[in-house]
Amino acid sequence: MTGWLEEQVRALLYSPECATLAFVWSFFFGTCIASFLNVCIWRVPRGESVSKPASHCPRCGARIKWYQNIPLFSWILLRGRCASCKCRISLRYPFVELLGGVLFAGAWMKFAFPAALGMAPSPLAAVPVLWLVSAGLIYGSFVDIDHFWLPDAVTLGGVAAGGAASLLVPELQGETVWWRAGIWSFAGAFGVSSILWLFGRICTRVFRREALGFGDVKLVAAAGAFFGPLGAFFSLAAGALAGSLAAAAMLLLGKTRLGEFKEIPFGPYIAAGILAWAFYGPVAVDAYCRWILQGAAF
Ligand SMILES: [Zn+2]
């Protein structure tokens, strides 16, 4: 069934017009979803409804008309200011929308033209899965940045969605049979995260303060549910490396001091690691292994 659909879509992609249209459409779809995520990031942690009231300026309360609410374009046309009171609209809104567009278009490219971006190819069914992962990680990361916690909808919801996605799209786990993908998903969800949880508990005992949030452990579990033990390990390692580099940069720039590191949310770094794996993981590991082997040959 999916094989037949995939053939039809591939046939359409031979036409440059269709290929361009599909790319533009997936980018625009991503910006629209991210525009909605902007609303969720602000409202859900405050216990507000995401649908009512309609979008309005937080300062003057003026309702934002539909043509002022087009992702990216409206912010540029209004030059980052509210149409009625001229107060500044945070650069974060168009940034999140752009991020959504880039990730959604990237997920599409991974199916349509992976070689163009140096990515490993993936099946058509993986596109909506990558869209879901991207949306969940954008939402979770910015809530973590603002409030220092990761929503269970992203972490525990991610574990459930990752399990289901692995059974439906075994290629996510590098498998072709659903039950083998299910085993990898289960091992990914509970293997690396249990070790991380134990490590966190030991550090908490030794340093006598919270060393690692349980939300981060649950996020690594979600990564494993989607991408297996290797994916979870890569996400954690890449996230820890990126987080340490960022912390070192902040120390050097004098933006923070030693002993204040608990103020830095770890979630967005793990999220970046998960996205790196989702798009480039196997290719990156392959290149790294080849690089090591070449080194060993000398
Ligand atoms: Zn206003």
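Up top is the structure these notes are about.
Treat the numbers as computed from the prediction; the structure is a model and nothing was measured. (Residues numbered from 1 in each chain as written. Predicted model: local features only at pLDDT ≥ 70, side-chain atom pairs only at ≥ 80, totals over all residues. Heavy atoms only, no water.)

A.B. asks: Just to check I follow, could you spell out the pattern of salt bridges for this structure?
C.D. replies: Any two side chains of opposite charge can pair, so long as their charged atoms come close to each other. Inspection of every chain in the model, using the stated rule, returns 4 salt bridges. We note a salt bridge from D152 to K218, for which the minimum N-O separation is 2.6 Å. In this pair, D152 is assigned in helix 6 (residues 152-168) and K218 in helix 8 (residues 214-252), connecting sequence segments 66 residues apart. When its relative accessible area of 39% is taken as the criterion, D152 is described as partly exposed. On the accessibility criterion, K218 (16% relative accessible area) is buried. Between R290 and D286 there is a salt bridge, and its shortest N-O distance comes to 2.7 Å. Taken together, the residues span about one helical turn, with R290 and D286 both in helix 9 (residues 267-297) at a distance of 4 residues. Taking the relative accessible area as the measure of exposure, D286 reaches 42% and is therefore partly exposed. (Salt bridge = Lys/Arg side-chain N within 4 Å of Asp/Glu carboxyl O. Helix = DSSP H or I, 4+ residues; strand = E, 2+ residues; numbered from the N terminus. Buried < 20%, exposed > 50% of the residue type's maximum accessible area, 1.4 Å probe, protein only.)

A.B. asks: Even after reading the chapter, I still don't get the packing of helix 2 (residues 16-43) against helix 5 (residues 126-147), so can you show me in this structure?
C.D. replies: Between two packed helices, the angle of one axis relative to the other and the distance separating the axes together describe the packing. The contact between helix 2 and helix 5 brings their axes to 10 Å, and the two run at 35°. At the point where helix 2 passes helix 5, the crossing takes the right-handed sense. Facing W25, S26, F29, I33, L37, C40 and I41 of helix 2, the residues of helix 5 in contact are W131, A135, I138, Y139, F142, V143 and D146. Here the contact of helix 2 with helix 5 is built from residues that sort into 12 nonpolar, 1 polar and 1 charged. (Axes fitted to C-alpha atoms, helices over the stretch in contact; angles between N-to-C directions. Left-handed = near helix turned anticlockwise from the far one by under 90°. Contact = heavy atoms within 4.5 Å. Nonpolar A, V, L, I, M, F, W, Y, C, P; charged D, E, K, R; others polar.)

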